[in-house]
Amino acid sequence: MKIIRSKDALRTLRRSWIFNGERVAVVPTMGALHAGHLSLVEEAKKQADRVIVTIFVNPKQFNNPGDLDNYPRTEEDDAEKLAPYGVDALYAPTPDQIYPEGFATNVRVSGLTEDLEGAHRPGHFDGVATVVSKLFLQSRADVACFGEKDYQQMLLVRRLSKDLDIETEVIGCPTVREEDGLAMSSRNVRLTPEERAIAPALKAEMDRAADAIRRGAEPRVVLDSAKAQIERAGYDAVEYLEMRDAETLAPVKDLTRPARLLAAAMLGDVRLIDNIAI
Ligand code: PAF
């Protein structure tokens, strides 16, 4: 696996692949790789002849400076984890390759990003949209694999690719979970053992709520009671637990179209998010 730090080196490699008619997939990450990321790499391998994994801890998407400082940076371990997967290139650019001196462009996807995570993390999605646009244009990948774990992010990336005529098709991949249901996340390592024991309550209550709604119970009542249960289980605060249209994320009152339950909750100083189909 080649480790690449500059966009020019990436371009040269990419050109040799295009020359051979090879299809290229990209898996954008911020490192601290876990089984969820590795499942994206496996899907990328199925989708393309060549796979690029990117690792870049993107300062523009952190609305909380403490979160940026605490974000795990484990490039050597990450490279070791990727080794068995036959990844062709690890693109870990230096910051100037993404944000050169004088960088002044901001990509904003409106509508989709204003609510849920967008409402709780001001500026976050602009940072994501900007860096992903750059990673798509630098890699010129045919496909990109994104986890459904960050469902709103996956929809916004699909939207920006379409809107900006970027020829990278966005593939959504199912959330990978621990045995007790907790969605894998780079943040899970920051949970204390006590918090880790409480953490699965979020998904468990979401499943219970989804079942009740499917059986015809009134969604607002079910979701309010699920929120209370999650907090009773030991979460400090549920920031949101909402049922939304699975494609547009618009609020929905009934199940006439595919919907999604989406949640964010604080456990100690760790913010966890999850979502499930309903
Ligand atoms: O999901 C992530 O890890 C990041 O938001 C992404 C897509 C790599 C952009 O920095």
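Just so it is clear, the model here is predicted, and its values are computed rather than measured. (Residues numbered from 1 in each chain as written. Predicted model: local features only at pLDDT ≥ 70, side-chain atom pairs only at ≥ 80, totals over all residues. Heavy atoms only, no water.)

Draft legend 1. Highlighting the pairing of strand β5 (residues 143-147). Of all 5 residues in β5, 5 are buried; the element is thus mostly enclosed. Pairing of strand β2 (residues 24-29) with β5, which is carried by 2 bridges, proceeds in the parallel orientation. Each residue of the ladder has a partner; that of A25, found in β5, is V143. Examined bridge by bridge, β5 and strand β6 (residues 169-173) share 5 bridges and lie parallel to one another. Across the sheet, residue C145 finds its bridge partner in β6, namely I171. (Buried < 20%, exposed > 50% of the residue type's maximum accessible area, 1.4 Å probe, protein only. Helix = DSSP H or I, 4+ residues; strand = E, 2+ residues; numbered from the N terminus. Pairing = 2+ DSSP bridges.)

Draft legend 2. Local environment of the UniProt feature "binding site: beta-alanine" (unreviewed entry) in the chain. Here the UniProt feature "binding site: beta-alanine" (unreviewed entry) sits at Q61. Within the secondary structure, Q61 sits in the loop between β3 (50-55) and α3 (65-70). Q61 sits in the buried class, given a relative accessible area of 9%. Residues within four places of Q61 in sequence aside, it is in contact with M30, R121, H124, G127, V128 and V131. (UniProt positions renumbered as here; feature names shortened; annotations may be inferred. Contact = heavy atoms within 4.5 Å.)

Draft legend 3. Region of the structure containing the sheet that holds β3. Strand order in the open sheet formed by 6 strands is β1-β4-β3-β2-β5-β6, with parallel pairing between adjacent strands. The sheet terminates laterally at β1 (2-4) and β6, the two strands that pair on one side only. The mean inter-strand angle of the sheet, taken between neighbouring strand axes irrespective of direction, is 25°. Summarising the sheet, β1 and strand β4 (residues 89-91) pair through 3 bridges and their orientation is parallel. Paired with I3 across the two strands is L90, which belongs to β4. Of the strands in this sheet, β2, β3, β4, β5 and β6 are in contact with helix α7 (residues 124-139), which crosses β2 at around 150°. With respect to the sheet, helix α8 (residues 151-163) is in contact with β5 and β6, its orientation differing from that of β6 by roughly 165°. (Axes fitted to C-alpha atoms, helices over the stretch in contact; angles between N-to-C directions.)

Draft legend 4. Region of interest: the UniProt feature "binding site: (R)-pantoate" (unreviewed entry) in the chain. Residues annotated in UniProt with the feature "binding site: (R)-pantoate" (unreviewed entry) correspond here to Q61 and Q153. Separation in sequence by 93 residues is not matched in space for these annotated residues, since their most distant C-alpha atoms are only 11.5 Å apart.

Draft legend 5. Layout of the packing of aromatic side chains. Taken as a whole and assessed by the stated rule, the structure comprises 4 aromatic pairs. Geometrically, the ring pair formed by Y99 and F103 is edge-to-face, given 5.0 Å between the ring centres and 75° between the ring planes. Residue classification places F103 among the partly exposed residues on the basis of a relative accessible area of 25%. Centroid distance F136 to F146: 6.2 Å. Interplanar angle 75°. Geometry classified as edge-to-face. Taken together, the residues span a long stretch of sequence, with F136 in helix α7 and F146 in strand β5 at a distance of 10 residues. Each member of the pair, F136 together with F146, is buried. Ring-pair connections join several aromatic residues into one group, and the members of that group are F56, Y99 and F103. (Phe/Tyr/Trp six-rings, centres within 6.5 Å; stacked < 30°, edge-to-face > 60°.)

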